[in-house]
Amino acid sequence: MTRLIFLGPPGAGKGTQALLLAKDCEVPHISTGDILRSAVAAGSELGQKAEQYMSAGELVPDELILDLIQERLGQDDTKAGWLLDGFPRNVPQAEFLQKLLDQIEQPVDFVVNLDVEDDVIVARLLQRGRDDDEESVILNRLQVYRQQTEPLIDFYRDRQQLVSVDGNQTMDVVHADLKRLVLE
Ligand SMILES: Nc1ncnc2c1ncn2[C@@H]1O[C@H](COP(=O)(O)OP(=O)(O)OP(=O)(O)O)[C@@H](O)[C@H]1O
Ligand SMILES: Nc1ncnc2c1ncn2[C@@H]1O[C@H](COP(=O)(O)O)[C@@H](O)[C@H]1O
C-alpha cells in the first residue's frame, strides 16, 4: 500500500519520479495536469474552461479540480494506493484532500517535497518544451507556485507528513532515494 503526494516547483521532476515509482509500487500515477491536458485535447467542457488558465500559467479554479480528484480517488484502481502529482496546489485544495482522505479512510503515507533551484527549473522546462513551457509562462508558474503552493510545505511540515528530497541530482539518484524512502 503506497499513498504519496508529490510537492515541488514546476519542473522539479514530480511527474518523472511519480511515473517511475508508480511502476515500482504498482499503483496509479494521478496527475491533475495530465487529466486537464487530456480534457483540453478532447475539447470537453472541462478542457474548454481550463485551457485559458493553463496557457497563462495560472491555477484553474478549485471548483473545476475538487470534484475531479474526488471522483478519481473513488475509482477501483486506487484501492491499493496512489501517487498524487500536481494536487493539492493551494491550501484550500489541501484542506479538501485531508477531509476526503479521512472520509474514505485512505491516509497519506507522506508528502515528498522535491527541492530544486529556480535557474535549474527554468533550464529544464525550456528544454521540455510543453505548450506552457514558454519563458514568460514559466516565470508566472514559478510565481504562482511561490504564492499559492509553497505554503503547503509548512502545511504538511506542521502535520509531520513532509519529507524533503534533493531534486538536483540525476533522475536515477532521485529515484533511488525515493525507493529507499518508500521501502523503508
Ligand atoms: N533529476 C533530473 N535531472 C535533469 N532533468 C530532469 C530531472 N528530473 C526531470 N527532469 C526533466 O525536467 C523536465 C521537467 O520534469 P517533470 O515534467 O517531471 O517535472 P514536473 O515537476 O512534473 O513539472 P510540472 O509541474 O511543470 O509538470 C522534464 O523534461 C524531465 O525530463
Ligand atoms: N491541482 C491543480 N489546481 C489548479 N490548477 C491545476 C492543478 N493541477 C494542474 N493545474 C493546471 O494545469 C497546469 C499544468 O499542471 P502540471 O501539474 O504542471 O502538469 C497548471 O499550470 C495549472 O494551470
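The structure displayed is predicted, hence computed values, not measured ones.

Draft legend 1. Looking closely at the UniProt feature "binding site: ATP" (unreviewed entry) in the protein chain. In the numbering adopted here, UniProt assigns the feature "binding site: ATP" (unreviewed entry) to Gly11, Ala12, Gly13, Lys14, Gly15, Thr16, Arg128 and Gln169. Among the annotated residues just listed, those lining the largest pocket are Gly11, Ala12, Gly13, Lys14, Gly15, Thr16, Arg128 and Gln169. For glycine 13, the position within the fold is in the loop between β1 (2–7) and α1 (14–25). According to the relative accessible area criterion, glycine 13 is buried, its value standing at 17%. Excluding its chain neighbours within four sequence positions, the residues that come into contact with glycine 13 are Leu114 and Arg124. Judged by its relative accessible area of 36%, threonine 16 is partly exposed.

Draft legend 2. View of the site of ligand 1. Taken together, 16 residues lie around ligand 1, and Lys14, Gly15, Thr16, Arg128 and Gln169 are the ones closest in. Between ligand 1 and the protein, one listed contact pairs an oxygen atom with a backbone N or O atom of glycine 13 at 3.0 Å. Between ligand 1 and the protein, one listed contact pairs a nitrogen atom with a side-chain N or O atom of arginine 124 at 3.3 Å. Compared with its free state, where it exposes 640 Å², ligand 1 has 78% of that area covered by protein. Mapping ligand 1 onto the cavity grids shows that it belongs to the largest pocket. Of all the secondary structure elements, the ones that give two or more residues to the shell around ligand 1 are α1 and α6 (118–128).

Basis of the calculations
- Residues numbered from 1 in each chain as written.
- Chains lettered and ligands numbered in written order.
- Predicted model: local features only at pLDDT ≥ 70, side-chain atom pairs only at ≥ 80, totals over all residues.
- Heavy atoms only, no water.
- UniProt positions renumbered as here; feature names shortened; annotations may be inferred.
- 1 Å grid on protein atoms, 1.4 Å probe; cavity = no way out; pocket = protein on both sides within 12 Å on 5 of 7 lines; lining within 4 Å.
- Helix = DSSP H or I, 4+ residues; strand = E, 2+ residues; numbered from the N terminus.
- Buried < 20%, exposed > 50% of the residue type's maximum accessible area, 1.4 Å probe, protein only.
- Contact = heavy atoms within 4.5 Å.
- Near = heavy atom within 4 Å.
- Polar contact = N/O pair within 3.5 Å; in protein donor to acceptor, adjacent residues only side chain to side chain.
- Areas by Shrake-Rupley, 256 points an atom, 1.4 Å probe, with all protein chains shown as cover.
- Sits in = over half its atoms within 2 Å of the grid points.

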